[in-house]
Structure formats: structure tokens, C-alpha cells
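Here are the chains, one letter per residue:
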Amino acid sequence: MQYIFTGSYTSPDGKEGVRCFTVSPDGIPTPLCTANAYNPTYVLYHNGNLYTTGRSETGCCIHTFAFDGHSLTPVHHMGSPGGSTCHLSIVGSTLYACNYANGELLRCQLDTRGIPTGELQIISYTGSGPHPRQDHPHIHSAFPSPDGCFLLVCDLGSDRIYNYSIQPDGSLILNPAQPEIITLSGSGPRHLTYSKDGTQVYVITELSAQVLAYHRDVKTGVLKQLQITDCVPQKRPDDTLSADIHLSDDEQFLYASSRGINYMAVYHIRSDKTLSEPFYLPVFTSGPRHFSFQPRGEHIVITGQYTDTVVVCPLDKRTGLYDRPLCEISVPQSTCAQWVEIL
């Protein structure tokens with residue numbers, strides 16, 4: 001069975017911040033259930049649990065819901081003073097969460113049921129950049145390598161990507177071969193994606209609206225820059241902010257979304273792993289903060305934060321282009337959509 005989980009900006013009571021839809025074989029979502037969570041800007045399904053970012057009365061928090069295929073049951077929530085979490089990832093029995101406002105990376109252990117346990121471990125950062133939004137660190141995402149040995153942490157506030165080696169207990173040590181990657185001043189690295197074999201990394205920068213292509217040594221975790229390319233046209237609205245980035249299932253195409261201009265840049269991956277000139281597609285919504293592919297890549301779901309919608313579009317795997325939406329569903333201030341298959 002396939003499902004789409006979404007997150008939304010909410011009122012302080014968090015009413016229906018999380019929604020779940022079943023998906024038919026032809027890609028049509030049907031509402032299944034909802035759960036309350038305050039401002040869940042990111043959702044992550046893992047081994048029977050749905051984890052969400054969010055806020056609480058005292059600061060940032062991580063919600064955990066058990067999912068049985070029919071309903072979401074709250075089983076745990078963990079908080080840390082100040083800020084708001086914005087991204088989650090799991091390696092083994094360790095969960096990593098990014099606190100954007102405070103510029104922190106949080107780490108906690110998961111028990112055998114996948115429930116966070118023990119105290120949150122906090123890594124704090126320093127630094128800034130030239131953009132008005134770069135007055136201090138803003139940790140926006142933390143992505144583990146496909147083999148689970150390294151963690152790349154994007155700091156939008158200081159134009160850095162921190163490169164960690166993950167220890168057996170989930171603790172982190174800066175990679176001595178390359179502790180950090182410094183991006184262009186004022187670029188604001190936000191999200192990234194790896195190739196399945198871990199040899200390529202593509203980063204999207206929110207503030208400069210660019211994609212950075214890197215070759216990666218899977219043994220040492222060292223990144224070597226291959227290319228920098230724009231992911232929006234030169235003539236762009238002043239409120240353009242790039243958002244999310246993913247490879248197609250067959251890794252022939254790379255997709256990068258941008259808000260303000262509301263475009264999706266689609267690149268063909270060349271044989272040397274550099275990117276072609278982008279083809280720009282409309283997103284058929286406004287504020288594409290996040291998008292996700294159907295398993296096996298036949299459809300794409302795109303969030304529309306400013307239109308209170310999520311759209312599902314059919315995808316041509318041969319050309320990499322998608323068509324007009326099959327459907328548009330109501331999700332108030334949608335922030336995230338994860339399409340999963342649960343066997």
C-alpha cells in the first residue's frame with residue numbers, strides 16, 4: 001500500500017498539522033487520517049512510526065506517531081528550549097534533528113520500538129554570512145550518506161556544509177579529511193541529495209538559487225566540486241527562494257524547486273555527472289517548499305504552501321518531464337509531503 005504523509009503550518013493548537021492519504025495505483029490520493037502537531041514542517045516515515053518536526057510552548061520538538069496503516073497514534077514528543085526543528089533523519093537507532101532558529105543539530109537514541117529515549121544531545125554552531133537572513137547559524141538539514149557512515153549538515157546561516165563521520169553509537173566526529181565545505185558567500189545551502197552509490201552529491205542553495213554538484217569519495221567522505229548552476233532564470237522575482245532537491249529513481253534527472261518564481265528546474269544528468277541546462281516547469285501551485293516522487297517514479301507530489309494545496313502530476317520517465325496535475329487536494333499551508341510504500 002502507498003501513502004502520502006503531509007505537514008502544515010498550523011494554529012498554536014496544532015489541529016490536523018499532519019495528514020495521511022492512501023494512494024490508488026493511478027496516483028489519486030484519498031484522505032485517511034489526521035494528527036495534531038504544531039507547525040510540522042518536515043515528516044519522516046520509518047519502520048512503523050511517523051516522526052515530525054515542530055514547535056511546543058517552550059521551543060522546538062519532535063513528535064512521534066505510531067502508524068498501523070489506518071491511523072496515527074501519538075506515542076512520544078521530545079523538546080528542546082527555543083527555536084523550531086525543520087528536518088529529521090535516522091541512521092540505525094539514532095535520530096538527528098535540525099533546529100533552524102537556534103542553529104543547532106540535535107541527536108537522540110531510539111529504543112527497539114523506534115521511540116526517542118534518553119536526553120537530547122545538542123551541537124551548537126557559530127558563524128554568519130552577508131545576507132540579512134544570515135545573522136547567525138541556521139541549521140536547515142542533515143542528510144546521511146547511503147552507507148550510513150557520514151552525515152552532511154547544511155548551515156544556511158554561515159554558507160557551510162559540515163561533514164561528519166558517524167560513530168557506531170550514533171555520535172558525530174567532524175571528518176578529519178574534510179571537516180566542512182564552504183559554499184559561495186551569501187548562497188545559503190538548504191538541502192541536498194546523494195546518488196544511490198554515494199559518489200555524487202547535489203546541493204540546493206536557498207538564497208542564491210543555485211545547484212552545486214560534487215563528486216564524493218565514498219571511502220573518505222570528501223567532496224570535490226564539479227559544477228555550479230542556476231536553478232531559476234536570471235530574471236527572477238525578488239522573493240525567489242529555492243527549496244528542495246531530488247534525483248529521479250533512475251538517476252537520469254535532477255529536480256530543484258523554487259518558491260516566489262514557482263518553478264521546477266529539471267536537469268539531465270550527463271555521463272560525467274554534471275548537469276545539463278535546466279528545463280523549467282510550472283509547479284501548478286505556489287510555494288513549492290517540498291516535493292516527493294512516487295516509489296518507482298510514475299508520479300510526483302508537490303506542496304503549495306501559499307495556495308493551501310498539494311498537487312499530484314504524472315511523470316514521463318523517458319523525458320523526465322511531468323504533466324498537468326491529475327488532482328489537487330486541500331492541505332492548508334502545506335510544508336512537506338512524503339510518498340512512501342509500506343509492504
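Residues numbered from 1 in each chain as written. Predicted model: local features only at pLDDT ≥ 70, side-chain atom pairs only at ≥ 80, totals over all residues. Heavy atoms only, no water.

**Q** Help me out: how do you make sense of the overall build of the protein in this one?
**A** The secondary structure content of the protein amounts to 0 helices and 29 strands. For 343 residues, the compact-globule estimate of 2.2 N^0.38 gives 20 Å, and the C-alpha radius of gyration of the protein, at 19 Å, lies within 12% of that figure. In terms of principal-axis extent, the alpha carbons of the protein reach across some 45 × 45 × 40 Å. Taken over 343 residues, the protein has a buried fraction of 60%. For the protein, contacts bridging at least 24 residues in sequence account for 47% of all contacts bridging at least 6. (Helix = DSSP H or I, 4+ residues; strand = E, 2+ residues; numbered from the N terminus. Rg over C-alpha atoms; globule rule 2.2 N^0.38 Å. Buried < 20%, exposed > 50% of the residue type's maximum accessible area, 1.4 Å probe, protein only. Contact = heavy atoms within 4.5 Å.)

**Q** It is not clear to me how the packing of aromatic side chains should be interpreted in this structure. Could you clarify?
**A** For any pair of aromatic rings, geometry is given as the distance between the ring centres together with the angle between the planes. Considering all chains together, one arrives at 10 aromatic pairs under this definition. Centroid distance Tyr-3 to Phe-5: 6.3 Å. Interplanar angle 25°. Geometry classified as stacked. Exposure class is identical for Tyr-3 and Phe-5. Each is buried. (Phe/Tyr/Trp six-rings, centres within 6.5 Å; stacked < 30°, edge-to-face > 60°.)

**Q** Mind showing me how you'd approach the sheet that holds strand β23 (residues 263-268) here?
**A** In sheet architecture, strand pairing relies on hydrogen bonds along the backbone and comes in two forms, parallel and antiparallel. Reading across the sheet, the 4 strands line up as β21-β22-β23-β24 and stay open at both edges, with antiparallel pairing between neighbours. Two strands in the sheet have a free side with no partner beyond their single neighbour: β21 (241-247) and β24 (279-282). On average, each strand axis in the sheet is tilted by 25° relative to the strand beside it, whichever way the strands run. Bridge analysis of strand β22 (residues 253-259) against β23 gives 6 bridges, and the strand direction is antiparallel. Looking at the pairing, Leu-254 lines up with Tyr-267 of β23. (Pairing = 2+ DSSP bridges. Axes fitted to C-alpha atoms, helices over the stretch in contact; angles between N-to-C directions.)

**Q** Help me understand the sheet that holds strand β17 (residues 189-194) in this model?
**A** One open sheet accounts for 4 strands, arranged β17-β18-β19-β20; its pairing is antiparallel. Edge positions in the sheet fall to β17 and β20 (223-230), since each has one partner strand and no second. For this sheet, the mean angle separating the axes of adjacent strands, direction not counted, is 20°. In the sheet, β17 pairs with strand β18 (residues 200-205) via 5 bridges, with the strands oriented antiparallel. Paired with His-191 across the strands is Ile-204, a residue of β18.

**Q** Where do I start with the pattern of salt bridges in this structure?
**A** A side chain of one charge can pair with a side chain of the opposite charge if their charged atoms are brought near each other. A complete count under the given rule lists 9 salt bridges for this structure. Here Glu-206 makes a salt bridge to Arg-259, at a shortest N to O gap of 3.4 Å. Remark: Arg-259 occurs in strand β22 and Glu-206 occurs in the loop between β18 and β19 (210-216); sequence separation between them is 53 residues. Pair check on accessibility: Glu-206 and Arg-259 agree, each one buried. Put simply, Arg-133, Arg-190, Glu-206 and Arg-259 are held in one network by salt bridges that share partners. (Salt bridge = Lys/Arg side-chain N within 4 Å of Asp/Glu carboxyl O.)

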